[in-house]
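For reference, the chains in residue letters:
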Amino acid sequence: MIDTGQYEGMIAETVTVRHADGSWLPAYSARPLGSGPFPAVVLFHHRPGWDEYYREATRKLAQHGFFAVCPDLYSRFGQGDPDDVSAMVRAAGDVSDQAVIDDGKACVAWLKNHPVTNGNVAVMGSCSGGRHALLTACNDQNVAAVVDLWGGRVVMAPEELNDRYPVAPIDLTEQLSCPVLGLFGDKDTAPTPAEVDQHEAVLVAAGKTFEFHRYPEAGHGFFYYDRPAMYHAESAVDGWRKILTFLNNTLR
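Residues numbered from 1 in each chain as written. Predicted model: local features only at pLDDT ≥ 70, side-chain atom pairs only at ≥ 80, totals over all residues. Heavy atoms only, no water.

## Notes on unusual backbone geometry
(1) Moving on: Each neighbour pair has its own omega, and for Gly36 with Pro37 the value is 5 degrees, a cis peptide bond.
(2) Moving on: Mapped onto the fold, Pro37 is located in the loop between strand E2 (24–32) and strand E3 (38–44).
(3) Moving on: Residue Pro191 is reached from Ala190 by a cis peptide bond, and omega for that bond is 15 degrees.
(4) Moving on: Turning to its location among the elements, Pro191 is positioned in the loop between strand E7 (180–185) and helix H5 (193–205).
(5) Moving on: Unlike most non-glycine residues, Arg153 shows phi in positive territory, near 60 degrees.
(6) Moving on: Locating Arg153 in the fold gives a position in the loop between strand E6 (143–149) and E7. (Helix = DSSP H or I, 4+ residues; strand = E, 2+ residues; numbered from the N terminus.)

Here it is as structure tokens:
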């Protein structure tokens with residue numbers, strides 16, 4: 001229940017997160033005002049880049065009581081309009097998995113050790129960001145939960161692997177030490193329903209804690225209200241409810 005007579009506020013700002021090697025990573029952060037302690041979430045943006053949708057998603061999590069940070073995974077390639085920067089990234093062969101894992105681990109450590117968090121940090125992303133969230137969780141035992149929103153290329157054919165993508169995330173499942181929430185559209189082609197089935201089977205076989213939800217009328221990117229051809233309102237509203245319930249149950 002919302003009390004309109006009670007003060008509510010948040011701080012949203014660009015920050016820099018320090019890597020172990022001393023380099024700096026630009027990020028957008030949002031958190032409720034106050035001393036907390038707040039549970040925390042790292043958001044991995046989608047392939048279109050560090051755009052307005054992801055800054056709004058960061059603020060949405062803060063509105064619901066989380067300290068959220070969204071790193072600019074493409075910052076090594078330059079600054080500017082997200083569409084232009086993402087085009088540069090694609091032309092260069094994409095950001096490497098190791099670079100993303102390093103960025104994710106730096107953000108997890110930054111939030112875990114921040115004086116206003118409770119030390120519990122989830123990772124979350126959509127599209128390529130869902131894949132990046134899984135990769136980070138499989139390489140960082142400090143991650144407390146994963147939210148994978150239609151992450152593509154979790155399942156990969158051998159010919160898709162290269163120096164930038166040396167291992168398919170599904171093959172790292174044994175290293176996963178936290179619960180996973182996955183939301184998928186049955187009309188999606190990346191991942192396909194068959195790939196989601198395969199991912200689910202591997203999680204079951206490994207004895208991992210997870211919940212997958214499928215939306216029959218949704219395709220890829222069904223949360224993106226700024227992309228009308230993709231957006232499916234009913235699925236998106238239900239999906240956000242499931243995300244907030246999952247994060248509250250795993251982080252608080």
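That was the structure; now back to the text.
## Let's talk about the pairing of strand E8 (residues 210–215)
(1) Moving on: The sheet contact formed by E7 and E8 spans 6 bridges and is parallel. Within E8, the position partnered with Gly185 by the bridge is Tyr215.
(2) Moving on: As for the winding sense of the linkage, the β-α-β connection from E7 through H5 to E8 is right-handed. (Pairing = 2+ DSSP bridges. Right-handed = clockwise from strand over helix to strand, strands pointing away.)

## Side note on the pattern of salt bridges
(1) Moving on: Summed over all chains, the structure comprises 8 salt bridges.
(2) Moving on: Here Arg214 and Asp197 are joined by a salt bridge, their closest N and O atoms 2.8 Å apart. A residue pair is termed long-range when its members are at least 10 positions apart, and Arg214 in strand E8 and Asp197 in helix H5 qualify at 17 residues.
(3) Moving on: In this structure Arg214 comes out as partly exposed when scored by relative accessible area, which is 28%.
(4) Moving on: Connected through salt bridges with shared partners, the residues Arg47, Asp94 and Arg153 form a single ionic network. (Salt bridge = Lys/Arg side-chain N within 4 Å of Asp/Glu carboxyl O. Buried < 20%, exposed > 50% of the residue type's maximum accessible area, 1.4 Å probe, protein only.)

## Regarding the sheet that holds strand E4 (residues 67–71)
(1) Moving on: The 8 strands are arranged E1-E2-E4-E3-E5-E6-E7-E8 in an open sheet whose pairing can be described as mixed. With partners counted over all chains shown, the strands left at the sheet margins are strand E1 (10–18) and E8, one partner each. Geometrically, the sheet is characterised by an average inter-axis angle of 20 degrees between neighbouring strands, direction not taken into account.
(2) Moving on: Lying on the sheet, helix H1 (residues 52–63) is in contact with E1, E2, E3, E4 and strand E5 (117–126); it crosses E2 at an angle near 40 degrees. (Axes fitted to C-alpha atoms, helices over the stretch in contact; angles between N-to-C directions. Contact = heavy atoms within 4.5 Å.)

## Notes on the packing of aromatic side chains
(1) Moving on: Under the definition given, this model contains 13 aromatic pairs.
(2) Moving on: Aromatic side chains Tyr53 and Tyr54 sit 5.6 Å apart centroid to centroid with 75 degrees between the ring planes, which places their arrangement in the edge-to-face category.
(3) Moving on: Relative to Phe212, the ring of Phe210 has its centre 5.1 Å away and its plane inclined at 70 degrees; by these criteria the two rings are edge-to-face.
(4) Moving on: Its guanidinium or amino end placed over the ring of Trp50, Arg55 lies 5.8 Å from that ring's centre, counting from NZ or CZ.
(5) Moving on: Here the guanidinium or amino end of Arg252 rests over the ring plane of Phe66, the centre of that ring lying 4.7 Å away. (Phe/Tyr/Trp six-rings, centres within 6.5 Å; stacked < 30°, edge-to-face > 60°. Lys NZ or Arg CZ within 6 Å of the ring centre and 35° of its normal.)

## Concerning helix H6 (residues 233–251)
(1) Moving on: Compared with an ideal rise of 1.5 Å per residue, which puts 19 residues at 27 Å, H6 spans 27 Å between its outermost C-alpha atoms and is within 8% of the ideal.
(2) Moving on: When we look at burial in H6, the residues that qualify are Ser235, Ala236, Gly239, Trp240, Ile243, Leu244, Phe246, Leu247 and Leu251. Taken around the axis of H6, the buried residues stretch over an arc of 165 degrees, which confines them to a single face. Turned more than 90 degrees off the buried face of H6, the exposed positions are Glu234, Arg241 and Asn249.
(3) Moving on: Among the structural elements, E3, H1, E5, E6, E7 and E8 are those in contact with the buried residues of H6. (Expected span 1.5 Å × (residues − 1). Arc of directions from axis to C-beta.)

## Quick notes on the side chain of Asp188
(1) Moving on: Within the secondary structure, Asp188 is located in the loop between E7 and H5.
(2) Moving on: It is Arg214 that comes nearest to the buried, bridge-free Asp188 among opposite-charge side chains, at 11 Å.
(3) Moving on: A polar atom in the side chain of Asp188 sits 2.9 Å from the side chain of His220.
(4) Moving on: Beyond its immediate sequence surroundings of up to four residues, Asp188 is in contact with Trp150, Pro193, Ala218, Gly219 and His220. (Lys, Arg positive; Asp, Glu negative; His and termini not counted. Polar contact = N/O pair within 3.5 Å; in protein donor to acceptor, adjacent residues only side chain to side chain.)

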